[in-house]
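Topology and contacts: notes
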Amino acid sequence: MSDPRLAIIGTRLGEVGRVVAVSSGKGGVGKSMVATALALSLAEQGRGVGLLDLDFTSPSTHVIMGVEGLYPEEEYGIVPPTAHGLRYMSIVHYSGEEPAPLRGEDVSNAIIELLAITLWGKLDYLVIDMPPGIGDATLDTLRLIPRIEFIVVTTPSRVAYRSVKRLLLLLRDLRIPVIGVLENMVMSRSRYVEDEVRGLGLRYLGAVAYDEELEAAIGDPAGLMRTRFGRDVAKLGSAL
Amino acid sequence: MHEWALAEGIISTAARFAEQNGLTEVTEVVVTVGELQQVEHEVLQFAFQQLKTPLFKNAQFILRTQPARFRCRNCSHEWSFKTEGMPEDVSEAIHFVPEMAHVYIKCGQCGSPDFEVTEGRGVWLATIKGVKGHE
């Protein structure tokens, strides 16, 4: 008969204003950096923000924020720990730094489980750091959170954008709202991505320059938000 | 899975089933719980009593555990889930997110973490009994 977990996912997200998934068709484009900086900037603006890391094979938002050893509280469900003003949920709360070699069905079950047990409470935004690509995790998230909206991250590379475009076409076919496409790690200005995005009838959210200082700010959220990258992503947060 | 979340999900799913099938009262709900979930039956029963709506006023909640079995995808070795000697934090991680078994459990024969949970994962509403209202 029915899987009882599915019945409560809607309730768990019932007091969440907007669910914003930061995604990409390709790994290595800075998706997790954008998701983390976006969540931090919204929290800085005084919004209630949650950050959910669904990239089970390569979770990295905890590294970007420099948080270790957090553990959720248990009270009629799982209450996410707070990290730098964010209600923060990640598989690393349970897996630590061990690898989580999950196949498709396991990924689906783990996503359902996390969505069913996590008590987000009242939030203005839940930012989700999505796994790259259009596999099980992405499809499950789309199925389980019907009112999800996407910010899609690409680099200026044609190789990256070709994969990103597949994600954009999938989202269009599934009629999932796309807030826009952010071009990250831009080293020299080109109109390729902007023209392509506009050609699909989507919003181009702007170009974020490649920032050499970013690596030094890993693990230091306040420092991260002071970088040029952090300030650019904060502008995106203000425009949401 | 967390017992309170599970109880909430079961009651919500059973209530929907009752509504769809014209039941005015639910008398029995049988739930099959995979062993990997490591659900504490007493906590779950307590949660049922706290969360149940008038529809379940006289309902009995019956829990059946299905033992967990694993099969290695690498060498086909099969084995059962054992919690003896398992550190508490590991046991708790698997309780909340059973897929964490792939993080902490390895095949006893070849050491691979790539195994299949052949039985004993998940929770199902097995049967619901109740009283139909007059048409």
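Of the regular secondary structure elements, chain A holds 10 helices and 10 strands. A compact globule built from 240 residues should have a C-alpha radius of gyration of about 18 Å, and chain A, at 17 Å, falls within 12% of that. For chain A, the spread of C-alpha atoms along the three principal axes comes to 50 × 40 × 35 Å. Burial status across chain A gives 51% buried among its 240 residues.

Right, let's talk about the sheet that holds strand β5 (residues 115–119) of chain B for a bit. In any sheet, the strands associate via hydrogen bonds between backbone groups, in a parallel or an antiparallel arrangement. Residues and elements named next belong to chain B. Strand order across the open sheet formed by three strands is β4-β3-β5, with antiparallel pairing between neighbours. Of all strands in the sheet, those bounded by a partner on one side alone are β4 (78–80) and β5. Across the sheet, the mean angle from the axis of one strand to that of its neighbour is 30 degrees, orientation sign disregarded. Taken together, the three bridges between strand β3 (residues 69–72) and β4 define a ladder with antiparallel strand orientation. Looking across to β4, one finds that Arg-69 is bridged to Ser-80.

Here we come to the domain arrangement of chain B. Residue and element names in this part refer to chain B. Looking at the assigned domains, one finds that chain B contains domain 1 (1–67 + 120–135) and domain 2 (68–119). If you average the C-alpha positions of domain 1 and of domain 2, the two centres end up 27 Å apart. Across the side of domain 1 that touches domain 2, the residue classes tally to two nonpolar, six polar and two charged.

Attention now moves to the interface of chain A and chain B. The partner chain B presents 26 residues to the 24 residues of chain A that form the contact. Put simply, the parts of the chain that give the side of chain A that touches chain B at least two residues each are α1 (6–12), α4 (92–95) and α5 (104–117) of chain A. Per-class residue counts for the side of chain A that touches chain B are 14 nonpolar, four polar and six charged.

With that settled, the discussion passes to the sheet that holds strand β2 (residues 60–66) of chain B. Residues and elements named next belong to chain B. With mixed pairing, three strands are arranged side by side in an open sheet as β2-β1-β6. Strands at the two margins of the open sheet, each flanked by one partner only, are β2 and β6 (123–132). When strand polarity is set aside, the average angle formed by the axes of neighbouring strands in this sheet is 20 degrees. The sheet contact formed by strand β1 (residues 23–34) and β6 spans nine bridges and is antiparallel. Bridging across to β6, Val-30 finds its partner in Thr-127.

Between its terminal C-alpha atoms helix α1 (residues 3–20) of chain B stretches 26 Å, which fits the 26 Å expected from 18 residues at 1.5 Å a residue. Residues of α1 of chain B that are buried include every one of Glu-3, Trp-4, Ala-5, Leu-6, Ala-7, Glu-8, Gly-9, Ile-10, Ile-11, Thr-13, Ala-14 and Ala-18 of chain B, and no others. Where α1 of chain B is buried, its residues contact α1 and α5 of chain A together with β1, α2 (41–51) and β6 of chain B. After α1 of chain B finishes, the residue Gly-22 of chain B shows a positive phi value of roughly 65 degrees.

All names here are of chain A. By the secondary structure assignment, Asp-129 is in strand β7 (residues 123–129). Residue class for Asp-129 comes out buried when judged on the 26 C-beta atoms lying within 10 Å of it. Each C-alpha atom, one on Asp-129 and one on Met-185, is 18 Å from the other, the two residues being 56 residues apart in sequence. Not counting residues within four places of it along the chain, the set of residues in contact with Asp-129 comprises Val-22, Lys-31, Ser-32, Ala-35, Asp-53, Leu-54, Asp-55 and Thr-61.

Residue and element names in this part refer to chain B. One way to put it is that α1 packs onto α2 with a least axis distance of 9 Å and a crossing angle of 50 degrees. One way to sum up the angle between α1 and α2 is to call them oblique. Two packed elements cross with a definite hand, and for α1 against α2 that hand is right-handed. Here Glu-3, Trp-4, Leu-6, Ala-7, Glu-8 and Ile-11 of α1 come into contact with α2, specifically with Val-43, Leu-44, Ala-47, Phe-48 and Leu-51. For the contact of α1 with α2, the class distribution of residues is nine nonpolar, no polar and two charged.

With that settled, consider the nonpolar core. Core analysis: the largest hydrophobic core is formed by 114 residues, its most contacted members being Val-22, Leu-38, Ala-39 and Val-127 of chain A. When residues of this core are assigned to their parent elements, the largest contribution, nine residues, is made by helix α2 (residues 31–44) of chain A. Of the residues that make up this core, three or more belong to each of domain 1 (1–67 + 120–135) and domain 2 (68–119) of chain B. With residues up to four places along the chain from it excluded, the contact list for Val-127 of chain A reads Val-20, Val-22, Ala-35, Leu-38, Ala-39, Val-49 and Leu-51 of chain A.

Before going further, it helps to spend a moment on unusual backbone geometry. Residues and elements named next belong to chain A. Phi angles above zero are rare outside glycine, and His-84 is one such case at about 50 degrees. Turning to its location among the elements, His-84 is positioned in the loop between β5 (82–83) and β6 (86–90). Residue His-84 is classed as partly exposed on the basis of its C-beta count, with 19 C-beta atoms lying within 10 Å. Its identity as a non-glycine residue notwithstanding, Met-185 has a phi of 60 degrees, on the positive side. Inspection of the secondary structure puts Met-185 in strand β9 (residues 178–186). Residue Met-185 is classed as buried on the basis of its 21 C-beta neighbours within 10 Å.

To continue, consider the environment of Thr-11 of chain A. Locating Thr-11 of chain A in the fold gives a position in helix α1. Separated by 194 residues in the primary sequence, Thr-11 of chain A and Leu-205 of chain A have C-alpha atoms spaced 32 Å apart.

Once that is clear, we can look at the confidence of the model for chain B. Confidence in the prediction for chain B averages 93 pLDDT; 98% of positions are at 70 or higher. With a pTM of 0.93, the predicted complex shows an ipTM of 0.88.

Rules behind the numbers
Residues numbered from 1 in each chain as written. Chains lettered and ligands numbered in written order. Predicted model: local features only at pLDDT ≥ 70, side-chain atom pairs only at ≥ 80, totals over all residues. Helix = DSSP H or I, 4+ residues; strand = E, 2+ residues; numbered from the N terminus. Rg over C-alpha atoms; globule rule 2.2 N^0.38 Å. Buried ≥ 20, exposed ≤ 12 C-beta atoms within 10 Å, placed from the backbone. Pairing = 2+ DSSP bridges. Axes fitted to C-alpha atoms, helices over the stretch in contact; angles between N-to-C directions. Domains from an automatic or database assignment. Nonpolar A, V, L, I, M, F, W, Y, C, P; charged D, E, K, R; others polar. Contact = placed C-beta atoms within 7 Å. Expected span 1.5 Å × (residues − 1). Parallel < 35°, antiparallel > 145°, perpendicular 65-115°, else oblique. Left-handed = near helix turned anticlockwise from the far one by under 90°. Core = buried A, V, L, I, M, F, W, Y, C linked by C-beta atoms within 7 Å. pLDDT = per-residue confidence, 0-100.

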